[in-house]
Amino acid sequence: MIKNGWLEQAIQRESPHADERPDLSDISVLVVHGISLPAGEFGGPYVDELFMGTLDTTAHPDFAILEGLRVSAHCLIRRDGELIQYVPFHRRAWHAGRSNYCGRRRCNDFTIGIELEGTDTTPYTQEQYQRLAEVARQLIDHYPALTRHRIVGHEHIAPVRKTDPGPAFDWKRFKQLLNDNLTKKV
Ligand SMILES: [Zn+2]
């Protein structure tokens, strides 16, 4: 269930990195991401801190480039399937950056961003696929403009800059899980 833009089953952590969408009726694409901080290390607090704006960029040498960076995603799915939501879906999260979906720029305006804890080359977990499919199904049911055909990777809307979720993400496996229990068949 989605209530007031929040998934009922998610842990809620409201990020300050969000603002208003220009058109509330246009929530129409789901963007899948992969992230880990430091790269390849899972389970630590740093991704959460990055999205909450509390990351100490001196905590690890790799974090220096993150200094001053203000980003977020609507949701993060950890390796064990734990779901954390940072931004309600009716608000604009800052996850896509410079991007282009079918000729449209400023993808944050009309997309929902979901981060999977991982790397481009580490297989994502079954718990993550199941959780992502469950969340995607609820979003498709809730937002009329969003369909199962309008789900992409960050690498697809920012191909020069971004590679996530990478070859490790098995799109066929995810789509199969999604289709298995989708009510809106469009
Ligand atoms: Zn990304």
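Residues numbered from 1 in each chain as written. Predicted model: local features only at pLDDT ≥ 70, side-chain atom pairs only at ≥ 80, totals over all residues. Heavy atoms only, no water.

Basically, it comes down to this: UniProt positions are given in the numbering used here, feature names are shortened, and annotations may be inferred rather than shown by experiment.
The protein chain goes by 1,6-anhydro-N-acetylmuramyl-L-alanine amidase AmpD in an unreviewed UniProt entry, where it is assigned to Pseudidiomarina woesei. Its UniProt record, at the heading Catalytic activity (unreviewed entry), says of the protein chain: "Hydrolyzes the link between N-acetylmuramoyl residues and L-amino acid residues in certain cell-wall glycopeptides." Reading the Cofactor (unreviewed entry) entry of the UniProt record for the protein chain gives the comment "Zn(2+)".

## With respect to the nonpolar core
Worth spelling out the cut-off: Only buried residues count toward a nonpolar core. Its members are Ala, Val, Leu, Ile, Met, Phe, Trp, Tyr and Cys residues joined through side-chain atoms within 4.5 Å. Each residue gets one of three labels from its accessible area relative to the maximum for its type: buried under 20%, exposed over 50%, partly exposed in between, using a 1.4 Å probe on protein chains only. Each helix corresponds to a stretch of at least 4 residues labelled H or I by DSSP, and each strand to a stretch of at least 2 residues labelled E; elements are numbered beginning at the N terminus. Pairs of residues are marked as contacts when any of their non-hydrogen atoms sit within 4.5 Å.
By size, the foremost hydrophobic cluster in this structure holds 29 residues, and its most contacted members are Ile114, Leu139 and Phe174. Elements with a minimum of two residues in this core: strand E5 (29-35), strand E6 (75-77), strand E11 (111-117), helix H2 (126-142) and helix H4 (171-180). Here this core takes seven residues from H2, the largest share from any one element. With residues near it in sequence (within four places) discarded, leucine 139 still touches Ile2, Leu30, Phe89, Ile112, Ile114 and Leu146.

## Describing the side chain of aspartate 48
Looking at where aspartate 48 falls in the secondary structure, it is placed in helix H1 (residues 46-52). With sequence-adjacent residues up to four places away left out, aspartate 48 is seen in contact with Arg13, Arg78 and Tyr86.

## Digging into the coordination of the zinc ion
What counts is decided by this rule: Ligating atoms shown are N, O and S within 2.8 Å of the metal, or 3.2 Å for Na, K and Ca, and water is not included, meaning a site may look less than complete.
Within the protein, the atoms that donate to the zinc ion are His33 (ND1), His154 (ND1) and Asp164 (OD), at distances of 2.1 Å. Sequence spacing of the donors to the zinc ion: H-x120-H-x9-D. Taken as a pair, histidine 33 in strand E5 and aspartate 164 in the loop between helix H3 (154-157) and H4 lie far apart in primary sequence, 131 residues in all. Neither histidine 33 nor aspartate 164 differs from the other in exposure class; each is buried.

## Describing the packing of H2 against H4
Quick note on the threshold: Interaxial angle, 0 to 180 degrees, is taken between N-to-C directions of lines fitted to C-alpha atoms, where a helix line uses only the stretch in contact. Small angles under 35 degrees read as roughly parallel and large ones over 145 as roughly antiparallel, with 65 to 115 read as roughly perpendicular and the rest as oblique. Two helices cross in a left-handed way if the nearer one is turned anticlockwise from the farther one by less than a right angle. They cross in a right-handed way if the turn is clockwise.
Put simply, H2 and H4 touch, their axes get as near as 9 Å, and they point 50° apart. Considered as vectors, H2 and H4 are oriented oblique to each other. Crossing geometry of H2 relative to H4 is assigned as right-handed. Residues Gln126, Tyr129, Gln130, Leu132, Ala133, Ala136, Arg137 and Ile140 of H2 form the contact with H4, whose participating residues are Arg173, Phe174, Leu177 and Leu178.

## Topic: the pattern of salt bridges
The test is simple: By convention in these notes, a salt bridge is any Lys or Arg side-chain nitrogen within 4 Å of a carboxyl oxygen on Asp or Glu.
Under the definition given, this model contains 10 salt bridges. Residue glutamate 8 pairs with lysine 3 through a salt bridge whose shortest N-O separation is 3.4 Å. Between arginine 91 and glutamate 20 there is a salt bridge; the shortest N-O distance is 2.4 Å. Placement of arginine 91 in strand E8 (residues 91-93) and of glutamate 20 in strand E4 (residues 18-20) is noted, with a sequence separation of 71 residues between them. Look at glutamate 20 and you get exposed, because its relative accessible area is 51%. Here the residues in one salt-bridge network are Asp19, Arg92, Arg106 and Asp109, joined through shared partners.

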